[in-house]
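Tertiary structure, described
The lines below spell out each chain.
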Amino acid sequence: MAINENPLGKATSTVFKGIYDSTLGRLFNAGLNKGATPNDRLNSYAIWRNRNEQTDWRVKLTLPPLSAAKSIIFGDGGSHKVLEPLIDDLGIVFPLTPNVIMQQTATYTPMATTHSNYPFYGYQNSEPQNMTLIGEFPVQNKEDARYWVATLHFLRTVSKMFFGGGDKNLQGNPPPILRLNGYGKHVLHNIPVVVQSFSCELTDRVDYISTSQSIRTKKGTNDPVDITVGGRNITVDLNEDSWDESWAPASSIFTVQLQPTYSRESVKNFDLKKFASGKLTSGDDNQVGFI
Amino acid sequence: MAKYSSTSPYFTTDQNDVFLDILTPRPLTAEPDDINYEIDAVYAYRPDLLSYDLYGTPRLWWVFAQRNPDVIEDPVYDFSPGKVIKLPKLSNLQDDLGV
């Protein structure tokens, strides 16, 4: 008797066929659906949406919104034209995702007791170490070049103390404490930092793009003129005094060393339980974020 | 002569009592969301098996070559592992071929 004529064999075959469908097994292993229909779950969609304060996770190095240094650095009402491109954000927004290197340490002091095989470690302190931001700044047009010049000037400015004229209440103060934001609320949110150093290389291997930090006006009027770059051989009648020309490299890298720094007043608010719950890393804009 | 079924590549090819004419290709709809599939070892040189698994019949073995003329010239021996092909959807085959 053939196997398929054996009632038991036929029943067994039917049962196993029901349990394991070889067609479905092959398709599953190949990641395919019957009918070659696309698998919607594997599709990814790109969605453009507007950024706002809640969703903007770009890396920013800015003055705090309520900083007293705002009027000194950006001028009253943003009158300092050289920093005008940064006035909306009160600082730098890195145009491309920078490399951010951060480090946190807990220091333990070894206590070497006599005649022992293992030292005991006494906890000393914890601290966030300095951070390094390495950001690439591509410059493709005069607006980018304006932003590059403003960035350079901003970093120079915020690494200097308050000295000389201006608000007498601020004279003698150290450089302003900035806020570092990026990657959302629980990564870098309102971290108080000071700029320890920055560097930028002006290489000879790239083109340089001309720009002006001030609005160019027609001579004798306040009518703005399109400040298309290209040097000084423009035949339009212009007031040359308003043309403060600067040149920015088409590609450069800013490397900024930042040191997180917390005031005694803000450290008083630290609570490990709150920190662990995430409340201290995602406060509102007027609160510093702990890391 | 034999009458070719709607699943055959020769369905629309002319024939008379003596011979079958030169193949008339049966074009298939190409859609941007057709699945990209890298031929697996289990389907190596077996377009009939893939056709059976996907469409329920081995008779549509030739549609992969028809849909991917830049990748597959020989419908069987070019159906080798590692090649990436587009898989026509059953709904399109039904519309285009009337199967």
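For the structure itself, look to the data block above.
Here goes a summary of the coordinates provided. Since we're looking at a predicted model, the values are computed, not measured. (Residues numbered from 1 in each chain as written. Chains lettered and ligands numbered in written order. Predicted model: local features only at pLDDT ≥ 70, side-chain atom pairs only at ≥ 80, totals over all residues. Heavy atoms only, no water.)

Observations regarding the pairing of strand β9 (residues 208-212) of chain A
Residue and element names in this part refer to chain A. The test is simple: Classification of residues uses two cut-offs on accessible area relative to the type maximum, computed with a 1.4 Å probe and protein chains only: under 20% is buried, over 50% is exposed, and between them is partly exposed. The secondary structure listing takes helices from DSSP runs of H or I that are at least 4 residues long and strands from runs of E that are at least 2 residues long, numbered from the N terminus. One bridge is not enough; two strands pair if DSSP finds at least two bridges between them.
Taken across its five residues, β9 has four buried, putting it largely inside the fold. With five bridges joining them, β9 and strand β10 (residues 245-249) adopt antiparallel strand pairing. When the bridges of β10 are listed, S212 appears paired with E245.

Concerning helix α4 (residues 142-157) of chain A
Residue and element names in this part refer to chain A. For the record, the criterion: For a helix, the expected span equals 1.5 Å multiplied by the residue count minus one. A 3.5 Å cut-off defines polar contacts: any pair of N or O atoms within that distance qualifies, except that in protein one atom must be a possible hydrogen donor and the other a possible acceptor, and neighbouring residues in sequence count only when both atoms are side-chain atoms.
Here α4 contains 16 residues, and its C-alpha end-to-end distance of 22 Å stays within 8% of the 22 Å for a straight helix at 1.5 Å per residue. Buried within α4 are the following residues: A145, R146, Y147, W148, V149, A150, T151, L152, F154 and L155. With a side-chain oxygen lying 3.1 Å from the backbone nitrogen of E143, the N-terminal cap of α4 falls on N141.

Topic: the side chain of R26(B)
All names here are of chain B. What counts, and what does not: The convention is simple: Lys and Arg are positive, Asp and Glu are negative, and His and the chain ends are not counted. For salt bridges, the criterion is a side-chain nitrogen of Lys or Arg within 4 Å of an Asp or Glu carboxyl oxygen. Here, residues are in contact when the closest pair of their heavy atoms is within 4.5 Å.
Tracing the chain through its elements places R26 in the segment before β1 (35-38). In this structure, R26 is buried with no salt-bridge partner, the nearest side chain bearing the opposite charge being D96 at 9.3 Å. At a separation of 2.7 Å, a polar atom in the side chain of R26 contacts the main-chain carbonyl oxygen of S6. Contact partners of R26, with chain neighbours within four places excluded, come to S6, T7, S8, P9, F11, T12, W62, Q66 and L97.

Regarding the interface of chain B and chain A
A common way to state how big an interface is: give the accessible area lost once the parts meet. Quick note on the threshold: The term buried area refers to how much accessible surface (probe radius 1.4 Å) is lost by two components on association, counted for both of them together.
Facing the 16 residues of chain B at the interface are twelve residues of chain A. With both chains or domains summed, chain B and chain A bury close to 1,100 Å², and 66% of this area falls on carbon and sulfur atoms. Linking chain B to chain A there are one salt bridge. Across the pair R26(A) and D53(B) runs a salt bridge whose closest N-O atoms are separated by 2.6 Å. Along the contact surface separating chain B from chain A lie five residue pairs in polar contact (both at pLDDT 80 or more). Listed by contribution, the elements that provide at least two residues to the side of chain B that touches chain A are β1 and α1 (47-55) of chain B.

A look at the pattern of salt bridges
For the structure on display, the rule yields eleven salt bridges over all chains. For E143(A), the salt bridge goes to R146(A), with nearest N and O atoms at 3.6 Å. Remark: R146(A) and E143(A) occur in helix α4; sequence separation between them is three residues, near one turn of the helix. Residue classification places E143(A) among the partly exposed positions, given a relative accessible area of 43%. Because the salt bridges share partners, they merge into one network encompassing E31(B), D33(B), D34(B), R67(B) and K89(B).

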